[in-house]
Amino acid sequence: ALESGELSPGGVVTEGSAGSTAISLATVAPAFGCKCHVVIPDDAAIEKSQILEALGATVERVRPVSITHRDHYVNIAKRRALEANELAAKDKKVSQVDGKDRDQMDGCLPNPEKENPGFLSHYNGGFFADQFENLANFRAHYEGTGPEIWEQTDGNVDAFVAAAGTGGTVAGVSTFLQEKSPKIKCFLIDPPGSGLFNKVTRGVMYTKEEAEGRRLKNPFDTITEGIGINRLTKNFMMAKLDGAFQGTDKEAVEMSRFLLKNDGLFLGSSSAMNCVGAVRVAKALGPGHTIVTILCDNGMRHLSKFYDPKYLAQYGLTPTATGLEFMSIK
Ligand SMILES: Cc1ncc(COP(=O)(O)O)c(C=O)c1O
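Computed from a prediction, not measured in an experiment: that's the story for all the values here. (Residues numbered from 1 in each chain as written. Predicted model: local features only at pLDDT ≥ 70, side-chain atom pairs only at ≥ 80, totals over all residues. Heavy atoms only, no water.)

Caption draft 1: Looking closely at the site of the ligand. Around the ligand, 15 residues are found, and the nearest of them are Ser20, Gly165, Thr166, Thr169 and Ser270. Contact between the ligand and Gly165: an oxygen atom at 2.7 Å from a main-chain N or O atom of the residue. In isolation the ligand offers 390 Å² of accessible surface; the protein chains occlude 90% of this area. Breaking the shell around the ligand down by element, the ones donating at least two residues are helix 1 (20–28) and helix 7 (168–180). Taken together, the residues of the shell around the ligand sort by class into 3 nonpolar, 10 polar and 2 charged. (Near = heavy atom within 4 Å. Polar contact = N/O pair within 3.5 Å; in protein donor to acceptor, adjacent residues only side chain to side chain. Areas by Shrake-Rupley, 256 points an atom, 1.4 Å probe, with all protein chains shown as cover. Helix = DSSP H or I, 4+ residues; strand = E, 2+ residues; numbered from the N terminus. Nonpolar A, V, L, I, M, F, W, Y, C, P; charged D, E, K, R; others polar.)

The structure is reproduced here in structure tokens:
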């Protein structure tokens, strides 16, 4: 965006994110002399907001609502970039009219802090990173993650499986791997409440939670974070998938504890779900296959929810397994 001029030095990068992409943007933005403004659903683990604030980003925590609502976190993030651009344009106009000093003119300018509490005054404009629709996301996985998998397995990979949030990972990796060899099978693992499983397996974006009379005002479908979605994004549309599986929250919780105990892996909720997907694919393909998945983040961003015994008990998700019996493996 800086190279193309869509983002000016000193400008603000805005993003609607359940946490991970925002943390990456908030980390790199200051290195490019820019600021970062994040709009995050308030059901995301609180430590993600704390990390963002520690990185110097401004954070708006908002109620989760449908994407069709103007106050969906992605729509607010988009609006914040537009507001920053309007402010920058007005500021430029004022300076051009009479060449007065910026400080003297501040009273004439709109006050974004008043209109949008928590939003800093941005006179250098804004850029909405748009992780869901921006195909730079797909390209990062097509040019980065896919080739890394190919090199690290020496091309000996039979299948890839991952859950999707934006869809960038499954799209970029599946496109790359299937170009390398059409024999490689790529699958989606989908959490509860997401419409993608039905889209991939039946061509219809529909979840049973959406059946007539069952739609909740504030839908609560899954405790996993960053995965599952009920709309088709440009990134997901690039995916080359051979099939899809569904995973439950209970399986993800049990898998995380199994991997901690047996492999020393302290994983976040989506990574645990990806491993549930790997087992589903392994059972479908049978022994002797190499299956790749992604460990997207670690458990440290999930202490207040996924690793909090009280939170899990509240939803009947207390882990009890001693092995992999929750995946019907003795
Ligand atoms: C923790 C976590 N896991 C998985 C994903 C899903 O990855 P993708 O957006 O590439 O589908 C995300 C989304 O950004 C995420 O934040």
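Caption draft 2: The confidence of the model for the chain, seen in detail. Considering every residue of the chain, the mean pLDDT works out to 90; 88% of them sit at 70 or more. In this model, residues 105–110 is a region of pLDDT below 50 whose contacts with residues beyond four sequence positions or in other chains number 11 contacts. (pLDDT = per-residue confidence, 0-100. Contact = heavy atoms within 4.5 Å.)

Caption draft 3: Quick peek at helix 1. Restricting attention to buried positions, one finds in helix 1 the residues Ala22, Ile23, Leu25 and Ala26. Down the axis of helix 1, the buried side of the element spans an arc of 165°, and every buried residue falls inside it. In this structure, the buried residues of helix 1 make contact with strand 1 (12–16), strand 2 (35–41) and helix 2 (46–54). (Buried < 20%, exposed > 50% of the residue type's maximum accessible area, 1.4 Å probe, protein only. Arc of directions from axis to C-beta.)

Caption draft 4: How the structure looks around the pairing of strand 2. Of all 7 residues in strand 2, 6 are buried, a share of seventy percent or more. Sheet analysis places strand 1 next to strand 2, joined by 5 bridges and oriented parallel. Bridging from a neighbouring strand, Glu15 pairs with Val38 of strand 2. In terms of handedness, the path from strand 1 via helix 1 over to strand 2 forms a crossover that is right-handed. For strand 2 and strand 3 (residues 58–62), the ladder comprises 5 bridges, and the chain directions are parallel. Residue pairing in the sheet places Pro41 in a bridge with Val62 of strand 3. A crossover connection joins strand 2 to the parallel strand 3 through helix 2; in handedness this β-α-β unit is right-handed. (Pairing = 2+ DSSP bridges. Right-handed = clockwise from strand over helix to strand, strands pointing away.)

Caption draft 5: Structural context of the packing of helix 1 against helix 2. Relative orientation of the contacting elements helix 1 and helix 2 amounts to 10°, with a least axis distance of 9 Å. As judged from the angle between their axes, helix 1 and helix 2 are roughly parallel. From helix 1, Ala22, Ile23 and Ala26 reach across to helix 2, where they touch Lys48, Ile51 and Leu52. Split by residue class, the contact of helix 1 with helix 2 holds 5 nonpolar, no polar and 1 charged. (Axes fitted to C-alpha atoms, helices over the stretch in contact; angles between N-to-C directions. Parallel < 35°, antiparallel > 145°, perpendicular 65-115°, else oblique.)

Caption draft 6: The arrangement of the sheet that holds strand 8 (residues 291–292) in detail. Strand order in this open sheet of 4 strands is 7-6-5-8, and the pairing throughout is parallel. Every interior strand has two partners, whereas the edge strands, strand 7 (243–246) and strand 8, have only one. The pairing of strand 5 (residues 159–162) with strand 6 (residues 185–190) spans 4 bridges and is parallel. For Ala162, the partnering residue across the bridge sits in strand 6 and is Leu188. Contacting strand 5 and strand 6, helix 7 crosses the sheet at an angle of about 175° to strand 5. Contacts from helix 11 (residues 269–285) reach strand 5, strand 6, strand 7 and strand 8 within the one sheet, and its direction differs from that of strand 5 by about 145°.

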